[in-house]
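The chain contents come next:
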Amino acid sequence: MMIKKIINWFMPKKRKMDDDAAMTVKFLKMLEMTEERELSCGEVYELVDQFVELKARGENVEEAMPLVKHHLDLCRECLEEYEALAAALVIEENV
Amino acid sequence: MRYNCAMQINRDNETWLADLRAEGAEKEAALDDLHIVLLRVLPSALSRWLPTTSSHFETFIEDTAQETILRVLDRLDTFQGRSKFTTWVYKIGVNIGLGQLRLRKWQEVSLDGLEEGSQPDEMPSERFASPNPSPEGMLERKNVIEMVQQVMKEELTPHQHKVMMAVAVQGTPLNVVAERIGSNRNALYKLIHDARLRLKRRLEREGLSPADLLAVFNE
């Protein structure tokens, strides 16, 4: 990692190319996942407690609540909140 | 149906709702129990985002628990019983806690600076793009990068472009951007969704798919 940083320092053009490539790939991956119908963060918030309990019971959430799963694959904030909620259920289970 | 012991509080959903809607001792007991379950769960659930060793940790957890209780009381009538009551409460707690942590973390960062100067947020794509392409591969990548930038310039409004760069590329949280520009998380998600759809449709009109273009970075 340090060597990469040093190379980038001496080669600003290469660094810009790498950044542009990373940005382009990120955009293209988002476009690849884009669907006409997607849930908003608010809609996912309403459903995520149900989703996390289904998941904790070992049910197939991709089949049961595909739009929630899709949103979590695209939205970092909602994914973090889902992960914290899942952690909360594990803690509750172990008390 | 409830019983308390030193470490365990078991109430069913109906009991939580009835006691929190009651007055006097029943309500006080339910509020105390709510506080206990939140303080039991929130520290571990949120420790990934704020280390337990932080000097602010205890205050942060207490503040989050208090705010969660207020919001739970305020929204009690919206609980529809699709999950356990406590799961619904934890959902509100992590939303409040993580929202606060994001605002604190990003409060010094300017969105204009993000758009223009910073490097992209760490992303899976860094593992996706192969590091040493051939000269032909380099040229092909350069062409795709320029084409995508051109399409974005032509299809997106300056506002959509700015929000897309801040959220999707630099990883600025939606609620942070929303607060800066006087919007909300739902509206921003919709704005970004509309922008993604526009870009995807434009590529389709050009006879291209994101998967085909991504393949150029995987060679």
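Residues numbered from 1 in each chain as written. Chains lettered and ligands numbered in written order. Predicted model: local features only at pLDDT ≥ 70, side-chain atom pairs only at ≥ 80, totals over all residues. Heavy atoms only, no water.

> Go over the overall build of chain A with me, naming the residues and quoting the values.
Scanning chain A from terminus to terminus reveals six helices and zero strands. Helices and strands in chain A line up, N terminus first, as α-α-α-α-α-α. Counting across all 95 residues of chain A, residues that qualify as buried make up 47%. Considering only residue pairs separated by 6 or more positions, chain A has 60% of its internal contacts joining residues 24 or more positions apart. A total of about 5,300 Å² of accessible surface is found on chain A, and carbon and sulfur atoms cover 59% of it. (Helix = DSSP H or I, 4+ residues; strand = E, 2+ residues; numbered from the N terminus. Buried < 20%, exposed > 50% of the residue type's maximum accessible area, 1.4 Å probe, protein only. Contact = heavy atoms within 4.5 Å. Areas by Shrake-Rupley, 256 points an atom, 1.4 Å probe, with all protein chains shown as cover.)

> Could you give an account of the interface of chain B and chain A, with specific residues and numbers?
Quite often, the size of an interface is put as the accessible area lost when its parts meet. In this assembly, 61 residues from chain B lie in contact with 49 residues from chain A. For the pair chain B and chain A, the summed buried surface comes to about 5,100 Å²; carbon and sulfur atoms form 64% of the total. The tally of links between chain B and chain A comes to eight salt bridges. The tally of links between chain B and chain A comes to 26 residue pairs in polar contact (both at pLDDT 80 or more). Counted by class, the side of chain B that touches chain A contains 33 nonpolar, 13 polar and 15 charged residues. (Buried area = accessible area lost by both parts, 1.4 Å probe. Salt bridge = Lys/Arg side-chain N within 4 Å of Asp/Glu carboxyl O. Polar contact = N/O pair within 3.5 Å; in protein donor to acceptor, adjacent residues only side chain to side chain. Nonpolar A, V, L, I, M, F, W, Y, C, P; charged D, E, K, R; others polar.)

> Explain the environment of B:Leu199 residue by residue, including any values.
Structurally, the position occupied by B:Leu199 is in helix 10 (residues 185-205). Judged by its relative accessible area of 3%, B:Leu199 falls in the buried class. Each C-alpha atom of the pair B:Leu199 and B:Lys162 lies 15 Å from the other, and the pair is 37 residues apart in sequence. Those residues within four positions of B:Leu199 in sequence are excluded, and the remaining contacts are A:Leu31, B:Val151, B:Met152, B:Glu155, B:Leu156 and B:Met164.

> Help me get a handle on the nonpolar core, residues and values and all.
Formed by 87 residues in total, the largest nonpolar core has its most connected members in B:Leu34 and B:Phe85. Counting residues domain by domain, this core receives three or more from each of domain 1 (2-32) and domain 2 (41-94) of chain A. Not counting residues up to four positions away in its chain, the partners in contact with B:Leu34 are B:Trp16, B:Leu20, B:Ile69, B:Val72, B:Phe85 and B:Val89. (Core = buried A, V, L, I, M, F, W, Y, C linked by side-chain atoms within 4.5 Å. Domains from an automatic or database assignment.)

> Which residues make up helix 8 (residues 158-169) of chain B, and what values do they have?
Compared with an ideal rise of 1.5 Å per residue, which puts 12 residues at 16 Å, helix 8 of chain B spans 15 Å between its outermost C-alpha atoms and is within 8% of the ideal. Along helix 8 of chain B, the residues that are buried comprise B:Gln160, B:Val163, B:Met164, B:Met165, B:Ala166, B:Val167, B:Ala168 and B:Val169. (Expected span 1.5 Å × (residues − 1).)

> Provide a residue-level description of the environment of B:Ala168, including the pertinent values.
By the element assignment, B:Ala168 lies in helix 8. For the pair formed by B:Ala168 and B:Ile192, sequence separation is 24 residues and the distance between their alpha carbons is 8.4 Å.

> Lay out the packing of aromatic side chains with the relevant residues and their values.
Enumeration over the complete set of coordinates arrives at five aromatic pairs over all chains. With 5.5 Å between their ring centres and 75° between their planes, A:Phe51 and A:Tyr82 make a pair best called edge-to-face. One end of the pair, A:Phe51, is in helix 3 (residues 41-56); the other, A:Tyr82, is in helix 6 (residues 76-94), and 31 residues separate them in sequence. In this pair, the class of A:Phe51 matches that of A:Tyr82, namely buried. Judged by centre distance (5.6 Å) and plane angle (40°), the rings of B:Phe85 and B:Trp88 are tilted. Highlighted residues: B:Phe85 and B:Trp88, both in helix 4 (residues 85-106), separated by three residues, approximately one helical turn. For B:Trp88, a relative accessible area of 6% translates into the label buried. Three or more aromatic residues link up through ring pairs in this structure, and these residues are B:Trp16, B:Phe79, B:Phe85 and B:Trp88. (Phe/Tyr/Trp six-rings, centres within 6.5 Å; stacked < 30°, edge-to-face > 60°.)

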